[in-house]
2 protein chains.
Amino acid sequence: MGLKSIEPFPMKAILVADDHSIVRLGVSHIISTLATPSAVEEASTFDEVITYLEAKRFDLLILDINIPGGNNLQMIDAVKLRQPNIRILMFSGYDEQLFAINYMQAGADGYLVKYSPEDEIRSAISTVLNQQKYMSAGTKEQLLSMLNSQREPVMNPLSTLSGREVEVMYLLTKGIPVARIADMLNLQVTTVSTYKTRIFEKLQISNIVELLEKVKMYSTAN
Amino acid sequence: MGLKSIEPFPMKAILVADDHSIVRLGVSHIISTLATPSAVEEASTFDEVITYLEAKRFDLLILDINIPGGNNLQMIDAVKLRQPNIRILMFSGYDEQLFAINYMQAGADGYLVKYSPEDEIRSAISTVLNQQKYMSAGTKEQLLSMLNSQREPVMNPLSTLSGREVEVMYLLTKGIPVARIADMLNLQVTTVSTYKTRIFEKLQISNIVELLEKVKMYSTAN
DNA sequence: GACAAATGTAGTATTATTACTACAAATATT
DNA sequence: AATATTTGTAGTAATAATACTACATTTGTC
């Protein structure tokens, strides 16, 4: 701790992607309190994220699931394609652990919900920056019980949905019509319709109102 | 400006209510950069807000519309009941100007969307703190055009529905398809469809999910 | 009481959604 | 490895929902 010119901890480059500026501000603020000195850039759309990734190397991307232009699992691939070694910490507004598992499997290094206390956010960022995986206690538990007994008694029906199905399910709960979902995910309308059918089958429901009930019932109680 | 003991600007007390801790952090950070020195408290549920309000006087409440335990217009009354002179700045994740008008009419002093740039958030907070109303350009415009045509007082849009419309609306919130509603009410499908269209027009919505939100927001059930 | 607006009702034409069906690729199971 | 499921994707045909339009009653207003 003497020589100014020798940096034992090289500056880390972090990209914070969220469409809410206060969230970016909060996250940047937390980052500024980390032991690791870091330079933060901010993006508010997924396109901006891509632009940044093509212009400069980053150590970590903190990515809001709901970012405009993104909002799907393919985001992970799109990011890793540009920078295979970047760390990705998903940052989500929903407590839905469901998403967590899917994104982790798709290659994310961590999944953090926005209502997590400040300390947890800080520790999640450090953890992922240090090349480790981060998972909230709840997510970890869910993953374990999932690996453990595959025939658990009371299973969360939402967890039986596949990645794509969860994406569509989420959009459906926002009241977005099938045609527009197809558009957003670059799929045929009939494809989305197939997902919808499968979702309804798996959850044993027959309309959006029931879908909202199910989601409320099984996702809030985390 | 010499005497330490004379405070020309007394400390303001601000309560930031949002279930996302980063948002609270970001807002607190912005507040700390204001000219007005302020003491910030944080709440993450509406119950906590009430508890705070009953314990201590606040100058300003920054309130997330979607806060757990709240999420409806009655929040305003609940707050003003405890502290009639408190200023309220609504902070919302949705851009929906619809909500804005409703909350302003219900007594809020400002309505701010979360994705607003930092400067706008800062200025909104100052504005409301200084006893003025804050509105985004878009909201202002909408409000004006609304006042122009007809200045009806705080109106519950649900109460503008006719008898038949209410019947259909109710069935719709149960997730019952149009065809079956027609059956139940012994009407033609197209008739029910017409009601549905009129309901959606009156409530300014475009799908069932939004219908449920409206009903939740305005139903006195809470 | 006259005229305007709101309400209850429905038809036609168009658009959106769903039911089936299919099939390759990825996973899981034996 | 061989076989069975699940998942991601989409086409065709059928069904449901909507946009417009229309019109006779109420209901409200000057």
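Chains are numbered independently. Their residues run from 1 in the order of the written sequence. Chains and ligands are labelled sequentially in the order written, the chains with letters from A and the ligands with numbers from 1. The predicted nature of this model means local features are confined to residues of pLDDT at least 70 and side-chain atom pairs, given and counted, to a pLDDT of 80 or more, with totals for whole chains, interfaces and linings taken over all residues. As a convention, hydrogens and water are excluded, and side-chain values are obtained from all of the structure's heavy atoms.

Student: Is there a simple way to explain the protein's contact with DNA strand C in this structure?
Tutor: Near residues are defined by distance, with any heavy atom within 4 Å of the molecule or strand qualifying the residue. Residues in contact with DNA strand C amount to 17 residues; listed here are only the nearest, S162(B), R164(B), Y195(B), R198(B) and K202(B). Taking the atoms of DNA strand C that fall within 4 Å of the protein, sugar and phosphate contribute 57% of them. Here a phosphate oxygen of DNA strand C sits 3.1 Å away from a polar atom, N or O, in the side chain of Y195(B). In the environment of DNA strand C, a phosphate oxygen lies 2.8 Å from a nitrogen or oxygen atom belonging to the side chain of K202(B). Secondary structure elements follow DSSP: runs of H or I of four or more residues count as helices, runs of E of two or more count as strands, with numbering from the N terminus. For the surface near DNA strand C, the secondary structure elements donating two or more residues are helix 8 (178-184) and helix 9 (189-203) of chain A together with helix 9 (189-203) of chain B. Any N or O atom pair separated by 3.5 Å or less is treated as a polar contact, with the protein-specific requirement of one donor-capable and one acceptor-capable atom, and with residues adjacent in sequence counted only for side-chain atom pairs.

Student: Help me understand the pattern of salt bridges, please; the structure alone is not making it clear to me.
Tutor: Between side chains of opposite charge, a pair can form when the charged atoms approach closely. Whenever a carboxyl oxygen of Asp or Glu lies within 4 Å of a side-chain nitrogen of Lys or Arg, that contact is scored as a salt bridge. Counting across every chain of the model gives 26 salt bridges over all chains. K114(B) is the salt-bridge partner of D18(B), the closest N and O atoms lying 3.1 Å from each other. With D18(B) in the loop between strand 1 (12-17) and helix 1 (21-32) and K114(B) in the loop between strand 5 (110-113) and helix 5 (118-129), this residue pair connects regions lying 96 residues apart in the sequence. Beyond isolated ion pairs, a larger network of salt bridges with shared partners links K80(A), R87(A), D109(A) and K133(A).

Student: What should I look at first to understand the domain arrangement of chain A in this one?
Tutor: A common way to state how big an interface is: give the accessible area lost once the parts meet. These domain limits were set by an automatic method or by a database of domain assignments. Segmentation of chain A into domains returns domain 1 (12-142) and domain 2 (154-219). Put simply, the middle of domain 1 of chain A and the middle of domain 2 of chain A, counted by C-alpha atoms, are 25 Å apart.

Student: Even after reading the chapter, I still don't get the packing of helix 2 (residues 46-55) of chain A against helix 3 (residues 74-82) of chain A, so can you show me in this structure?
Tutor: How two helices pack is summed up by the angle between their axes together with the distance between the axes. All names here are of chain A. For helices, the fitted axis covers only the stretch in contact; all axes are lines through C-alpha atoms, and the angles between them, taken along N-to-C directions, range from 0 to 180 degrees. Interaxial distance between helix 2 and helix 3 falls to 9 Å at its minimum, and their mutual angle equals 15°. It follows that helix 2 is roughly parallel to helix 3 by the angle criterion. Crossing handedness for the pair helix 2 and helix 3: right-handed. Residue-level contacts link F46, I50, L53 and E54 of helix 2 to M75, A78, V79 and R82 of helix 3. Each residue gets one of three labels, nonpolar for Ala, Val, Leu, Ile, Met, Phe, Trp, Tyr, Cys and Pro, charged for Asp, Glu, Lys and Arg, and polar for the others, Gly among them. Broken down by class, the residue content of the contact of helix 2 with helix 3 amounts to 6 nonpolar, no polar and 2 charged. We call two directions roughly parallel when the angle between them is under 35 degrees, roughly antiparallel when it is over 145, roughly perpendicular when it lies between 65 and 115, and oblique otherwise. Helix crossings are classified by the rotation of the near helix relative to the far one: an anticlockwise turn of less than a right angle makes the crossing left-handed, while a clockwise turn makes it right-handed. Residue contacts follow a heavy-atom distance rule, with two residues in contact if any of their heavy atoms lie within 4.5 Å.

Student: What am I meant to see in the interface of chain A and chain B here?
Tutor: Each partner contributes to the interface: chain A provides 26 residues, whereas chain B provides 26 residues. Throughout, buried area stands for the accessible area (probe radius 1.4 Å) lost by two parts on being put together, summed over both. Across the chain A/chain B interface, buried area totals approximately 1,900 Å², and carbon plus sulfur atoms make up 71% of it. In terms of surface lost to chain B, no three residues of chain A exceed I22(A), L25(A) and V209(A), which account for 31% of the buried area on that side. Between the two partners, chain A and chain B, sit 0 salt bridges. Summed over the shared surface of chain A and chain B, the number is 2 residue pairs in polar contact (both at pLDDT 80 or more).

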